[in-house]
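Coordinate analysis (summary)
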Amino acid sequence: MEKTEFVYATVIRTTPEKLWEALTNGDFSEKYWFGFRIELDLKAGGKMRIIPPPGMEDKGDHAGEVLECEPCRKLVYTWNMKDTPEVAQKRKSLSRVTYELTPMGPVTKFRLLHENLLPEDIVKDSSSFRGINNGWPAVISSLKSLLETGEAIAFTSPCATATTTK
Amino acid sequence: MTTNKPKLVYTTYIRSTPKKVWAAITEPKFTRQFWGGIANISDWKKGSPWEHRAADNDLYLTGKVMEYTPPQRLVLTWADPDRLKDVSRVTFALEAVEDMVCLTVTHDQLKSGSKMVRMVSWGWPRVLSSLKSFCETGKGLDIFAGR
């Protein structure tokens, strides 16, 4: 069976240190990550939590574990997708997220890999942020705006369905 | 990207308007500022040729305009001038969402395992990151040295 994964790369005019802080600190993440706070014990075996903002507790706390941590260069953690019982039966292992940060002179390349996914995690309909493929580009775009302009993108409504399809 | 029918889809959100993002992609005086000094040259009529050409006249890519619907949808065919029979297709789709533009670039009809697939896998994130920086900060990213 073809394995499902999602890759997203971007280049940000910032330093690896500032990008690392924005990625690993809840005070930053709540600005660009739909109000979610990330909490990490930055060492192999450490806890990872992504805590929803007040009023959205039903969205759940995606808890996981840090597998690898190389400050300002690489972070790998597991991500609990909070599946319905039906989907949980199909999932053989927790999904895994890898951040890779590469300095390139005045900019930093950021590559995200989300693997061990199921086809159900990818949502074709782009009229909401549901689905790994719709959520990550929004979060990372907002992170880039925050680091380059000082202001994140405040998403209050998702992309409307494209007026022309195909 | 699946390996048997390679297709790249890249979405980014830019704090700008569809008109401005469209102009950045289609007007050489803007495009050169974020796309490594290269511009998209065309009269933008359906069926017209399109060239991706540097200021020193070097031709990097060529193709045809398949659809031009400003500021929403631009569809181009896309080929290396030295490999004209390997033609792929690029679609720029722009949507206004509040004070942002949701830009989705789809690059399909690529030849599996080709040099073009490898180039655009990094090429699109690089160019579109630079486009976003240009639209939001007035400056593109200096990441095209040694292309």
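For the structure itself, look to the data block above.
Summary of the structure given here. Values in this document were obtained by computation on a predicted structure and should not be read as measured data.

What follows is about the environment of B:Pro71. All names here are of chain B. Of note, Pro 71 is situated in the loop between strand S4 (59-69) and strand S5 (73-78). A residue is classified by how many C-beta atoms lie within 10 Å of it, and Pro 71, with 18 of them, is partly exposed. Taking the C-alpha atoms as reference points, Pro 71 and Ala 93, 22 residues apart in sequence, are found 8.7 Å from one another. The contact partners of Pro 71, leaving out residues within four places of it in the chain, are Pro 18, Lys 19, Trp 22 and Leu 94.

For the rest of this paragraph, the subject is the sheet that holds strand S7 (residues 100-108) of chain B. Backbone hydrogen bonds hold the strands of a sheet together, and the pairing may be parallel or antiparallel. All names here are of chain B. Pairing within the open sheet is antiparallel, and its seven strands lie in the order S1-S7-S6-S5-S4-S3-S2. The open sheet has two free edges, formed respectively by strand S1 (8-14) and strand S2 (38-41), since each of these has just one partner strand. Averaged over all pairs of adjacent strands, the angle between their axes in this sheet comes to 25°, without regard to strand direction. Relative to S5, S4 runs antiparallel, the two sharing four bridges. Of the residues in S5, the one forming a bridge with Tyr 68 is Leu 74. This element, helix H3 (residues 115-137), spans S1, strand S6 (88-97) and S7 of the sheet and lies at about 10° to S1.

Now for the interface of chain A and chain B. Counting residues at the interface gives 22 residues for chain A, matched by 22 residues for chain B. Only strand S1 (4-12) and helix H4 (132-149) of chain A provide two or more residues apiece to the side of chain A that touches chain B. With seven residues, H4(A) is the single largest residue contributor to the side of chain A that touches chain B. For the side of chain A that touches chain B, the class distribution of residues is eleven nonpolar, eight polar and three charged.

Moving on, we come to unusual backbone geometry. A cis amide bond links B:Pro70 with the next residue in sequence, B:Pro71, at an omega value of -10°. With phi around 65°, A:Cys72 is a residue other than glycine that occupies positive phi space. Tracing the sequence through the fold places A:Cys72 in the loop between strand S4 (64-70) and strand S5 (74-79). The class of A:Cys72 is partly exposed, set by 17 C-beta atoms lying within 10 Å. Unusually for a residue other than glycine, B:Asn57 sits at a positive phi of about 80°. Along the polypeptide, B:Asn57 turns up in the loop between strand S3 (49-54) and S4. Since 6 C-beta atoms lie within 10 Å of it, B:Asn57 is described here as exposed.

Moving on, we come to the packing of H4(A) against H3(B). Put simply, H4(A) and H3(B) touch, their axes get as near as 11 Å, and they point 50° apart. In terms of axis orientation, H4(A) runs oblique to H3(B). Note that H4(A) runs across H3(B); the crossing there is right-handed. Contacts between H4(A) and H3(B) involve A:Lys144, A:Ser145, A:Glu148 and A:Thr149 from the former and B:Lys132, B:Ser133, B:Glu136 and B:Thr137 from the latter. Residues that form the contact of H4(A) with H3(B) fall into these classes: no nonpolar, four polar and four charged.

All names here are of chain A. At a minimum axis distance of 11 Å, the contact between helix H1 (residues 16-24) and H4 shows a crossing angle of 130°. In terms of axis orientation, H1 runs oblique to H4. Crossing hand, H1 versus H4: right-handed. Between H1 and H4, the contacting residues are Lys 18, Leu 19 and Ala 22 on the first element and Leu 143, Leu 146 and Leu 147 on the second. Its residues assigned to classes, the contact of H1 with H4 shows five nonpolar, no polar and one charged.

How each quantity is defined
- Residues numbered from 1 in each chain as written.
- Chains lettered and ligands numbered in written order.
- Predicted model: local features only at pLDDT ≥ 70, side-chain atom pairs only at ≥ 80, totals over all residues.
- Helix = DSSP H or I, 4+ residues; strand = E, 2+ residues; numbered from the N terminus.
- Buried ≥ 20, exposed ≤ 12 C-beta atoms within 10 Å, placed from the backbone.
- Contact = placed C-beta atoms within 7 Å.
- Pairing = 2+ DSSP bridges.
- Axes fitted to C-alpha atoms, helices over the stretch in contact; angles between N-to-C directions.
- Nonpolar A, V, L, I, M, F, W, Y, C, P; charged D, E, K, R; others polar.
- Parallel < 35°, antiparallel > 145°, perpendicular 65-115°, else oblique.
- Left-handed = near helix turned anticlockwise from the far one by under 90°.

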